[in-house]
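Structure assessment
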Amino acid sequence: MLKDITLGQYFPGNSVIHRMDSRCKIILNIIFVVILFIGRNYYSLGLCTVFIFCVYALSEIKYRLIIKSLRPILPLIIFTGLLNLFFIKGGDDSLPLWEWQFLKIYPEGLSTSIFMIIRIIALIIGMSLLTYTTSPITLTDAIESLLSPLKKLKFPSHELAMMMTIALRYIPILIEETERIMSAQKARGATLDSGGLMKRARALIPIMVPLFVSAFKHANELAMAMECRCYTGGEGRTRLKQLKTSYIDYAASFFVLWLLTDAVLINIFL
């Protein structure tokens, strides 16, 4: 299950999406999230879904990564779907589709459950594309550039961007470390996948302690490496690659804004 977590991973490429300005990708991702949450019907949600698959095709990212990225959050998706399925009640004239004791499923609950599941899946695979096609260094520069107007208010934009990028970068490293610790514990005879909920929770203690120690060790080594390279923050720092906006970014912005306009119009007239 841990091997399926792809959050924070970068897959190098030379596709149209890879060549986009990372600042533009961050802004368009935020707009896409807004579109997902303002959509109140299946028409706007279907439009977003088609848009996501088209973008994945342009990015040349394999579709199997979509399924792989959804596996770790599958329990959350199922839990959300069940909550909406059983707790959304119909109107006074609505009859339950299925009934057993105190459990009832109404058409409104079924429709809301399916809608929420599709929305969560679209949100996850849409936001994952940002880290799939953007390197950590470029992502840091983009976040710092977007937050640069706040420097006049003494806001540490560079430090915040650096912390966010390091956190994303260390997710795959900590996942690998967790797998290594779990394998070592199993080799010593630990049973991590059997027993009740409390027994499994207690079995995680021998994993969490060395994981925290390893995380602090990685953080200390990174801090020492930055100090040895005379890192003093973003003041006066130069960049090997300058962020530039191209016609690809303008075209992508046009399509996302068109998608936003369509979603608003669909909500108004449908």
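Each chain carries its own residue numbering, running from 1 in the written order of its sequence. In view of the model being predicted, local features appear only for residues whose pLDDT reaches at least 70, and side-chain atom pairs are presented and counted only at 80 or more, with totals across whole chains, interfaces and linings using the full set of residues. Side-chain measures were taken over the full set of non-hydrogen atoms in the model, leaving aside hydrogen atoms and water.

1. A few points about the overall build of the protein
- A helix here means a DSSP run of H or I that spans at least four residues, while a strand means a run of E at least two residues long, and both kinds are numbered starting from the N terminus. When you go through the protein residue by residue, the secondary structure sums to ten helices and two strands.
- Mapped in sequence order, the helices and strands of the protein form the string α-α-α-α-β-β-α-α-α-α-α-α.
- Expressed along its principal axes, the backbone C-alpha trace of the protein runs to roughly 70 × 60 × 40 Å.
- Accessible area is worked out with a 1.4 Å probe on protein chains only. A residue is then buried under 20% of its type maximum, exposed over 50%, and partly exposed in between. The proportion of buried residues among the 270 residues of the protein is 33%.

2. Quick look at the packing of aromatic side chains
- A pair of Phe, Tyr and Trp rings is counted when the ring centres sit within 6.5 Å of each other, with Trp represented by its six-membered ring. The angle between the planes then sorts it: under 30 degrees is stacked, over 60 is edge-to-face, the rest tilted. Overall, the coordinates contain four aromatic pairs when judged by the stated rule.
- An angle of 70 degrees between the planes, with centres 5.6 Å apart, marks the rings of Phe 254 and Phe 255 as edge-to-face.
- For Phe 254, a relative accessible area of 53% puts it in the exposed group.

3. Describing the side chain of Arg 119
- Mapped onto the secondary structure, Arg 119 falls in helix H5 (residues 107-132).
- We call two residues in contact whenever any of their non-hydrogen atoms come within 4.5 Å of each other. With near-sequence residues (within four places) excluded, Arg 119 lies in contact with Leu 36, Phe 37, Gly 39 and Leu 45.

4. Considering a nonpolar patch on the surface
- Excluding any residue in a salt bridge, patches collect residues exceeding 30% relative accessible area, merging like charges within 9 Å and nonpolar Val, Leu, Ile, Met, Phe, Trp and Tyr side chains within 5 Å. Note that accessible areas follow from Shrake-Rupley with a 1.4 Å probe, and for residues the cover is restricted to the protein chains shown. Salt bridges are counted wherever a side-chain nitrogen of Lys or Arg sits within 4 Å of a carboxyl oxygen of Asp or Glu. Taken together, the side chains of Tyr 42, Leu 97, Trp 98, Trp 100, Leu 110 and Ile 114 define a hydrophobic patch exposed on the protein surface, amounting to about 610 Å² of accessible area.
- Looking at the nonpolar patch, the elements that each hand over two or more residues are strand S1 (98-100) and H5.
- Summarising the element assignment, Trp 100 is placed in strand S1.

5. Here we look at the packing of helix H1 (residues 22-38) against H5
- For helices, the fitted line uses only the C-alpha atoms of the stretch in contact; every axis is such a line through C-alpha atoms, and the angle between N-to-C directions lies from 0 to 180 degrees. The N-to-C vectors of H1 and H5 enclose an angle of 175 degrees; their axes lie 10 Å apart at closest approach. Our classification of the angle between H1 and H5 gives roughly antiparallel. Contact residues: H1 offers Lys 25, Ile 26, Asn 29, Phe 32, Val 33, Leu 36 and Phe 37, while H5 offers Arg 119, Ala 122, Leu 123, Gly 126, Met 127 and Leu 130.
- In the contact of H1 with H5, the residues fall into nine nonpolar, two polar and two charged. Angles are sorted into four bins: roughly parallel if under 35 degrees, roughly antiparallel if over 145, roughly perpendicular if 65 to 115, and oblique for all others. Think of it as three bins: nonpolar holds Ala, Val, Leu, Ile, Met, Phe, Trp, Tyr, Cys and Pro, charged holds Asp, Glu, Lys and Arg, and polar takes everything else, Gly as well.

6. Things to note about the nonpolar core
- With 29 residues, the main nonpolar core has Met 20, Leu 28, Ile 35 and Tyr 56 as its most contacted residues.
- For this core, the secondary-structure elements that each account for two or more residues are H1, helix H2 (42-59), helix H3 (64-70), H5 and helix H10 (247-269).
- Residues belong to one nonpolar core when they are buried, are Ala, Val, Leu, Ile, Met, Phe, Trp, Tyr or Cys, and are joined through side-chain atoms within 4.5 Å. Of all hydrophobic cores here, the second largest spans six residues; its members include Ile 26, Leu 130, Leu 139 and Ala 161.

7. Let's talk about the pattern of salt bridges
- Across all of its chains, the model carries three salt bridges by this definition.
- Residues Arg 23 and Asp 21 are paired through a salt bridge, measuring 2.7 Å at the closest nitrogen-oxygen approach.
- Judged by relative accessible area, which is 4%, Asp 21 ranks as buried.
- Lys 104 is the partner of Glu 99 in a salt bridge, and the nearest nitrogen-oxygen pair spans 3.7 Å.
- Lys 104 sits in the partly exposed class, given a relative accessible area of 26%.

Keep in mind these values describe shape, not function.
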